Amino acid sequence: MEELQQPKLQFLTCPSCAGRGLVDKKTCEECHHMPMKAWTGSVLLYWGKKISFLQIAQDQTRLIVRNSINFTLLLFGALGVVLLSWALFLFIASGQPVLNFYRARSWQLFIFWLSLGTDCYLLYRFQRELEKLKHIPKKKFEGVIPVFRQITWEQTKTLPRNKMVDVADYFTTHAHQAITKAWQATHRFNDAYVAPIHLMIALLGFEQTQIIFSRIGVPFSKLKSKIRNNLQLQPDIGTGQVVIIGPQVQQLLFEAYFLAYQFRQKKVEVTELLEAVSAQDNDVKELLYDLNIETDKIKNVVAWLRIKQQLRQQWQQFQHRALLKPKNNMDRAMTAIATPVLDAFSQDLTLLARGGYLMPVIGREREIKTIFQIMQGGTRRSVMLVGEHGVGKDAIIEGIAQYMVEENVPKFLKDKRLVSLSIARLVSGVPATEAQQRLLIVLGEIRRSGNILLYIDDIHDMTGITSGNQGSIDLADVLAKSLSSGSILALASTTPGEYRRYIENNSSLGNALEKIDIKEVTGNEAIQILESKVGSIEYKNQIFFSYDAIAKTIELSSRYMHDRQLPEKAIEILQEVATGISAERGKNAVISANDVAAVLSAKTNIPLTEITQEESEKLLSLEQKIHERVIDQVEAVDMVASSLRRARAEMRDVVRPIVNLLFLGPTGVGKTELAKTVAAVYFSNENNMIRLDMSEYQEKASINRLIGAPPGYGGDSGGLLSEAVRKNPFSLILLDEIEKAHPDILNIFLQIMDDGRVTDNVGRTVDFTNTIIIATSNAATQFIQEQVQAGVAVEQIRNTLMEGMLHQYFRPEFLNRFDGVVVFKPLSMQDVQAITRLMLKKIQANLSSKGIGFEVTDQAVADLAQL
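Here the structure is a predicted model, which is why all the values come from computation and not from measurement. Here the residue numbering is sequential within each chain, running from 1 through the sequence in written order. It should be noted that, the model being predicted, local features are given only for residues of pLDDT at least 70 and side-chain atom pairs only at 80 or more, the latter also being counted only at that level, while totals for whole chains, interfaces and linings use all residues. Hydrogens and water molecules were not included; the side-chain quantities draw on all heavy atoms of the structure.

1. Digging into the overall build of the chain
Applied cut-off: In this text, helices come from DSSP runs of H or I with a minimum length of four residues, and strands from runs of E with a minimum of two, each type numbered from the N-terminal end. Here the globule rule reads 2.2 Å times residues to the power 0.38, and the radius of gyration is calculated from C-alpha atoms. Buried, partly exposed and exposed residues are distinguished by accessible area as a fraction of the type maximum, computed with a 1.4 Å probe on protein chains only: under 20%, between the cut-offs, and over 50%, respectively. By the convention used here, residues are in contact when the closest approach between their heavy atoms is within 4.5 Å. Areas reported as accessible are Shrake-Rupley estimates using a 1.4 Å probe. Residue values count occlusion only from the protein chains shown.
Secondary structure summary: the chain contains 36 helices and 25 strands in total. Taken against the 2.2 N^0.38 rule, which gives 29 Å for 867 residues, the C-alpha radius of gyration of the chain at 37 Å runs more than 25% over that of a compact globule. Projected onto its principal axes, the C-alpha positions of the chain cover 130 × 90 × 70 Å. The buried share of the chain, reckoned over its 867 residues, is 48%. Restricting the contact set of the chain to residue pairs at least 6 apart, pairs at least 24 apart contribute 76%. Accessible area of the chain: about 43300 Å², with a carbon and sulfur share of 52%.

Shown next, in the form of structure tokens:
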């Protein structure tokens, strides 16, 4: 899918004053105190508000006078109402008829009538204030991305007035206060110009900024300390110089406005200023980076606040935008025709959007724009969304419904309804022929109405429908004919598997619909979608999520839950975490990233939480733990232990298995025992081992036993390996006698060891990145024994094997996939005696549990070892 062009600004600086606004301490005649402007490609942005002590005093005086007048008028109006009540009371107390009240004359009524005049004047003042309010123009749908053409400073002088925007008119009161406080702080610190650090100081005084940093989990004490140190590096103002707004802050003002425009905000808020200052390359960005606050963190938490505000305003927002939208099925031209049968088997999504019942769509602008472009000018104007369950196909459709209500859509979609047809309701309880008749009536109503965009979820259900007890019929052909004629526009959705099975080979339906692949959301988009869902979870469970908890949910669920899709799987994890923490800690608990990791650990049996002191000690003493069961073979034990420590500390290639090892040596030297010990020590259970005897996989067809047979060949169940790893992704895979496997089987493992994954028979990706793969082999056993007896060093033996002798058993590229090839030495008599003692200890422990004593003499150990 074609990527959207990123919006951008071209900054233009006055050539006379170099962006200062002053020449020899006087206002620059070239720019008139507007030394920097920004070109969006269509309009020119400038900052027209001057900041000085005189201007600040004038603004404050004007505000005080305005509020005083309004308060006085309001108070006088209230006095008039009180005096009216008093006059009415006195009139009734005098015994006169109430109907004669209008004839009464008194000073109280005079003041009341006078207050009515002042009330009217107060309303007039309020109306004038409302008229002065300006909202940022709404970003409209663009069918074609315009080409960005730059301009020069001289060309800005020839632009018409309607092409120029004073961004100062679109800042909220708090945003203006932040800029003013930044200027005042610059004066207070005796600095030369307003820099981003001064703006950051001002922003910290606002509640929204404090909420953002509390969500991120940064102590204000640390932040203030960093800022204090940075202020010492700012240049001092010269004698007689005037404090100006620095070029970086001037750019920030335009960038904040542009952000608000991109996100369809009415005004530039404090949050847009914070997002702009954290994204720009400046001292603030470096300061935040030192506190482990990346730009994306600020961006995503600002989006979180923006989403919450949008949800609060959604009802009023959609009510206002839909004032002229028909409240029934008619369009504004009164030309639409009633659709009773369609209404019986469908749901009007634009009606739900108008009522504010649909969640705001986050991201997905690229997909929605592509859909509009196809429907606007494609040869096939109907579209099919193909994506796995949980990737957000329905969210895209709901987003289109909201755009249609706002009428932020191409002209051909304006004043139309988006209606979701239910296949289940259409075919329920009737013979196949009647279901077909229903569909024909529905399509006829849509065609005649002319104001309906049809949506069919799980469109594959229309293929080969069995309805009632009277055979089956394919409704897909009926629909395809209507779509191909162009008389009906439709959207549809299905999964990749169902698309391949039912639609790809169904030429009629496949030819009528343009396919768009909907991929799983990732990164910031996934985080922001989760933020839009988390509010209801927090409210229900009376807890709070930190930003790190949400980001960790995306990271871990994406990495360790491959059988589900984002954002659905992440939302379910958040619900599970919230329920557990609420029950454990009670109300107002703050959920951290480690809490999320603990829940994922319990679900996957993979250690994901921070390393505890107890686990740290266990990792440091791995060699000792392993040697309690494995005698000698120091090289093999050291290599395995080092690999496990690197894996737990995340110091490994996370797209490959934890470690791939090849154990070489004669039978009985401890190759399998070491693998069992690793499973017992690191995975806490010897049963966390998938053991495959590769001598059983000497035929090419035995691949089906590993990853499952293809569809149509008894492939409904998965393979022994793929299913075992899918159900228990944190395990050790032991491949005994690997040299006996068929070469095609080795190719499967070559892929697994390199990519960390394999696709099973039903198209599922099975993740091997949390497995340890240990292959054992008896290859070149006689050579190893001879070299050891000859006193050759183990390292030299291994080098000889790798340089050529093993190539008669394995291809070089297969051998290169192993992180280590370990040669096991034949056991000495002393080693055999030590192993004998270990085995006898097990027998001793078993007998002791039954109350039977058991003692072993040294001579008995020697005799048993010899035998």
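2. Description of the sheet that holds strand β5 (residues 44–46)
Short version of the rule: In short, DSSP must find at least two bridges between two strands for them to pair. For helices, the fitted line uses only the C-alpha atoms of the stretch in contact; every axis is such a line through C-alpha atoms, and the angle between N-to-C directions lies from 0 to 180 degrees.
If you trace the four strands from one edge of the open sheet to the other, you get β1-β4-β5-β6, paired in mixed fashion. Two strands in the sheet have a free side with no partner beyond their single neighbour: β1 (10–13) and β6 (164–166). Within the sheet, the average angular offset between the axes of one strand and its neighbour, ignoring direction, is 25°. In this structure, β5 lies alongside β6, joined through three bridges in parallel fashion. Its bridge partner being in β6, Y46 is matched across the sheet by D166. Its contacts with the sheet put helix α8 (residues 247–262) on β1, β4 (36–39), β5 and β6, and the angle it makes with β4 is roughly 35°.

3. Concerning the pattern of salt bridges
What counts, and what does not: For this document, the term salt bridge refers to a Lys or Arg side-chain nitrogen within 4 Å of an Asp or Glu carboxyl oxygen.
Overall, the coordinates contain 31 salt bridges when judged by the stated rule. K134 serves as the salt-bridge partner of D169, at 3.2 Å between the closest nitrogen and oxygen. Separated by 35 residues along the polypeptide, D169 in the loop between β6 and α4 (173–188) and K134 in the loop between α2 (107–132) and α3 (153–156) bring together distant segments of the chain. Among the residues examined, D169 registers a relative accessible area of 31% and is labelled partly exposed.

4. Focus on the packing of helix α14 (residues 365–377) against helix α15 (residues 393–406)
What counts here: In this scheme, roughly parallel covers angles under 35 degrees and roughly antiparallel covers those over 145, while 65 to 115 is roughly perpendicular and the rest are oblique. Should the near helix be turned counterclockwise from the far one by less than a right angle, the crossing is left-handed, whereas a clockwise turn marks it as right-handed. Gly falls in the polar group here, along with every residue not listed as nonpolar (Ala, Val, Leu, Ile, Met, Phe, Trp, Tyr, Cys, Pro) or charged (Asp, Glu, Lys, Arg).
For the pair α14 and α15, interaxial distance at closest approach is 10 Å and the crossing angle is 70°. Of the possible angle classes, the one that applies to α14 and α15 is roughly perpendicular. Like other packed secondary-structure pairs, α14 and α15 cross with a definite hand, here right-handed. Packed against α14, whose contacting residues are E365, E367, I368, I371 and F372, the element α15 presents I396, G399, I400 and Y403 at the interface. Of the residues in the contact of α14 with α15, the class split is six nonpolar, one polar and two charged.

5. Here's the deal with the pairing of strand β25 (residues 820–823)
Burial of the side chains of β25 extends over both faces: G820 and V822 are buried on one face and V821 and V823 on the other. Examined bridge by bridge, strand β19 (residues 659–664) and β25 share four bridges and lie parallel to one another. Bridge pairing links L661 to G820 in β25.

6. What to know about the packing of aromatic side chains
To be explicit about the condition: Centres within 6.5 Å make a pair out of two Phe, Tyr or Trp rings, where for Trp the six-membered ring is used; the pair is then stacked when the planes are under 30 degrees apart, edge-to-face when over 60, and tilted otherwise.
Using the criterion set out here, one finds 11 aromatic pairs in the structure. Seen in terms of ring centroids, F810 and F814 are 5.7 Å apart; in terms of plane orientation they differ by 35°. Their pairing is tilted. For F810, a relative accessible area of 2% translates into the label buried. Ring-pair connections join several aromatic residues into one group, and the members of that group are Y809, F810, F814 and F818.

7. Some remarks on the environment of G708
Residue placement: G708 occurs in the loop between α29 (703–707) and α30 (720–727). A relative accessible area of 5% means that G708 is categorised as buried. A C-alpha to C-alpha distance of 8.7 Å links G708 and E723, two positions 15 residues apart in sequence.

8. Examining unusual backbone geometry
That bond from L566 to P567 is cis: its omega, 5°, falls within 30 degrees of zero. Within the secondary structure, P567 sits in the loop between α22 (547–560) and α23 (568–585). Residue D415 is not a glycine yet carries a positive backbone phi of 65°. Along the polypeptide, D415 turns up in the loop between α15 and β11 (417–421). Even without being glycine, E737 reaches a positive phi, approximately 55°. With respect to the helices, strands and loops of the structure, E737 is situated in the loop between β21 (731–736) and α31 (743–755). Judged by relative accessible area, E737 falls into the partly exposed class, the value being 22%.

9. Remarks on the nonpolar core
Let me state the cut-off plainly: Each nonpolar core is a collection of buried residues, namely Ala, Val, Leu, Ile, Met, Phe, Trp, Tyr and Cys, held together in the definition by side-chain atoms within 4.5 Å.
Among the nonpolar cores identified, the biggest contains 126 residues, and F213, F545 and I772 are the most heavily contacted of them. In terms of residue count, α8 provides more of this core than any other element does, nine residues in total. Residues contacting F545, with those up to four places away along its chain left out, are R215, W304, V534, I537, E538, I550, L574, V577, A578 and I591.

10. Focus on α23
Note that an α-helix has 3.6 residues per turn; residues three or four places apart therefore point the same way. What counts here: Here a helix's expected span is defined as the number of its residues, less one, multiplied by 1.5 Å.
Here α23 is 18 residues long and its end C-alpha atoms lie 26 Å apart, about the 26 Å a rise of 1.5 Å per residue gives. Looking at the buried residues of α23, the elements they touch are α21 (523–541), β17 (543–545), α22, β18 (589–591) and α24 (593–604).

11. Remarks on the sheet that holds strand β9 (residues 346–348)
Pairing is mixed across the open sheet formed by six strands, whose spatial order is β9-β11-β12-β15-β10-β16. The outermost strands of the open sheet, each flanked by one partner alone, are β9 and β16 (513–517). Between one strand and the next, the sheet's axes are offset by a mean angle of 25°, whatever the strand orientation. Of the pairings in the sheet, the one linking strand β12 (residues 452–456) to strand β15 (residues 489–494) comprises four bridges and is parallel in character. Among the inter-strand pairings, I456 is bridged to a residue of β15, identified as A492. Across the sheet, α15 lies against β10 (382–386), β11, β12 and β15, angled at about 150° from β11, the strand it touches most.

12. Some words on the pairing of β19
Side-chain direction in a regular strand flips from residue to residue, so the side chains alternate between the two faces of the sheet. Counting buried positions over the six residues of β19 gives six, a clear majority of the element. On β19, burial covers both faces: V659, L661 and F663 on one face and N660, L662 and L664 on the other are all buried. Bridging between β19 and strand β24 (residues 771–777) involves six bridges; their strand directions are parallel. Residue pairing in the sheet places L662 in a bridge with A775 of β24.

13. Quick notes on the side chain of H176
Structurally, the position occupied by H176 is in helix α4. When neighbours within four sequence positions are excluded, H176 is seen to be in contact with W47, K49, A168 and F171.

14. Focus on the confidence of the model for the chain
As a reminder, the rule being used: pLDDT expresses how confident the predictor is about each individual residue, on a scale running from 0 to 100.
When pLDDT is averaged along the chain, the result is 84; 91% of the residues meet or exceed 70. Element-level mean pLDDT values for the chain span from 56 in strand β13 (residues 465–466) up to 95 in helix α9 (residues 270–279). pLDDT under 50 marks residues 1–6. Its contacts with residues more than four places away, or in other chains, come to 14 contacts. Scored below 50 in pLDDT, residues 330–335 shows 13 contacts in the model against residues more than four places distant or in partner chains.

15. Here's the deal with α21
Note the threshold: Bending is quantified residue by residue as the angle between axes fitted to the seven-residue window ending at that residue and the seven-residue window starting at it.
When the terminal C-alpha atoms of α21 are compared, their 26 Å separation across 19 residues agrees well with the 27 Å that a helix rising 1.5 Å per residue should span. The largest bend in α21 is about 35°, located at K533. Within α21 the residues assigned to the buried category are A526, I527, Q528, I529, L530, E531, S532, V534, I537, E538 and N541.

16. Overview of the environment of A303
Structurally, the position occupied by A303 is in helix α11 (residues 295–321). Between the alpha carbons of A303 and S722 there is a distance of 40 Å; along the sequence they are 419 residues apart.

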